[in-house]
Amino acid sequence: MQVINLYRYPFKGLSAESLASVELSPGYGFPCDRRYAVTDGSIEIDPAAPQPAAKSHFLMLARYEALALLETKFRQFPDRLEIRDREQTSEFLLQNAEDRTRLAWYLARVANADLRGEPRVVYSPGHQFTDVSVHSPELMRSISLINLQTVTLLGEHIGMKLDPLRFRANLYFDHAEPWTELDWIGQRLQIGDVVLKVVRRTRRCPATSVNPKSAVRDVNVPLAIREYRSHGDLGIYAEIERGGALAPGAEIKLLPAI
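Notes on the structure follow. Every chain is numbered on its own, with residues counted from 1 as its sequence reads. Only residues with pLDDT of at least 70 get local features here, since the model is predicted, and only at 80 or more are side-chain atom pairs given and counted; chain-wide, interface and lining totals rely on the full set of residues. Neither water nor hydrogens contribute to the side-chain values; these are computed over all heavy atoms in the structure.

### A few points about the packing of helix α3 (residues 148-158) against helix α4 (residues 221-229)
Thought 1: Following both chains from N to C, one finds α3 and α4 inclined at 90 degrees, their axes separated by 11 Å at the closest point. One way to sum up the angle between α3 and α4 is to call them roughly perpendicular. Note on element contacts: α4 touches α3 through Val221, Ala224, Ile225 and Tyr228, opposite Leu153, Leu154, His157 and Ile158.
Thought 2: Residue classes follow a fixed rule: Ala, Val, Leu, Ile, Met, Phe, Trp, Tyr, Cys and Pro count as nonpolar, while Asp, Glu, Lys and Arg count as charged, and any other residue, Gly among them, counts as polar. A breakdown of the residues in the contact of α3 with α4 according to their chemical character gives seven nonpolar, one polar and no charged. Every axis in this analysis is a line fitted to C-alpha atoms, fitted for helices over the stretch in contact. Angles between the N-to-C directions lie between 0 and 180 degrees. Strands here are runs of E lasting at least two residues and helices are runs of H or I lasting at least four, both read from the DSSP assignment and numbered beginning at the N terminus. In these notes the angle categories are as follows: under 35 degrees is roughly parallel, over 145 is roughly antiparallel, 65 to 115 is roughly perpendicular, and the rest is oblique. Pairs of residues are marked as contacts when any of their non-hydrogen atoms sit within 4.5 Å.

### Considering helix α1 (residues 97-111)
Thought 1: The end-to-end C-alpha distance of α1 is 21 Å, a good match for the 21 Å that 15 residues give at a rise of 1.5 Å each.
Thought 2: Regarding α1, the residues found buried are Asp99, Leu103, Ala104, Tyr106, Leu107, Ala108 and Ala111.
Thought 3: As for α1, its buried residues are in contact with β4 (37-38), β6 (80-84), β7 (89-93) and β8 (121-122).
Thought 4: The backbone nitrogen of glutamate 98 has a side-chain oxygen 3.0 Å away, supplied by the residue at the start of α1, namely asparagine 96.
Thought 5: Downstream of α1 by a residue or two, asparagine 112 has a phi angle that is positive, lying close to 50 degrees. Take the residue count of a helix, subtract one, and multiply by 1.5 Å to get its expected span. Each residue is placed in one exposure class: buried if its accessible area under a 1.4 Å probe, protein chains only, is under 20% of its type's maximum, exposed if it is over 50%, and partly exposed if it falls in between. Between N or O atoms, a polar contact is any pair within 3.5 Å; within protein, one atom must be a potential hydrogen donor and the other a potential acceptor, and residues adjacent in sequence are included only when both atoms are from side chains.

### Some thoughts on the sheet that holds strand β12 (residues 194-203)
Thought 1: Pairing between strands requires that DSSP locate at least two bridges from one strand to the other. Reading across from one edge, β2-β1-β10-β9-β13-β12-β11-β15 is the order of the eight strands in this open sheet, with mixed pairing throughout. Lying at the two open borders of the sheet, with one neighbouring strand each, are β2 (17-18) and β15 (253-254).
Thought 2: With three bridges joining them, strand β9 (residues 143-147) and strand β13 (residues 233-242) adopt antiparallel strand pairing. Of the residues in β13, the one forming a bridge with leucine 145 is isoleucine 236.
Thought 3: The sheet contacts of α3 involve β1 (2-8), β9, β10 (171-174) and β13, and relative to β9 the element is tilted by about 55 degrees.

This is the structure in structure tokens:
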């Protein structure tokens, strides 16, 4: 098995960023992944003591597919977000309160969001706005993996080629039998110096029905998985047990169960 792609999603619900390499550390999750989010006005996030919240409180693809029209690029030192849509390119300095407000309303307009208050860009050092953050801090800091052979086979079953980015994972791998990754819960993966413990299957949500290139809901992916496999899961979450560098091309070894 082999690592094929690495991606981060600095803003919850916005576009993926491909990485040439990444350094993982136990207890810190995938670097800069879901570092920021935008609320729909229904919740307040205390930056000093953030509480995990359901994804329904944020602007995200499961509800607002128009967000997929935006091409984003995140830069650090200082944190800033560049957004390119069909008409213009804009940059927002994320340490600037005025820019954060401007960004929140810009994304709300693009999404035509059904707001329940004032939208806000939210951030808290060390917090990640992942969907599984509501289950535990450990899951919040887990990384998501997708078997490309599983995606290929699902697409063949549906009758269309599926872009793997529909599944918004951090690590995409190949050369494993389709669907076998769902049986790895409790087992460990070694990738160079990195050791990951597989802890959870990934239940797919309506965000996967959005074509990331067209921003159109062109197939009901969760329903297709259930009809095909009698469950709604595709992909896995893994906790970082031992850190190190990762890069595409690295070999993945499934370690014997302890």
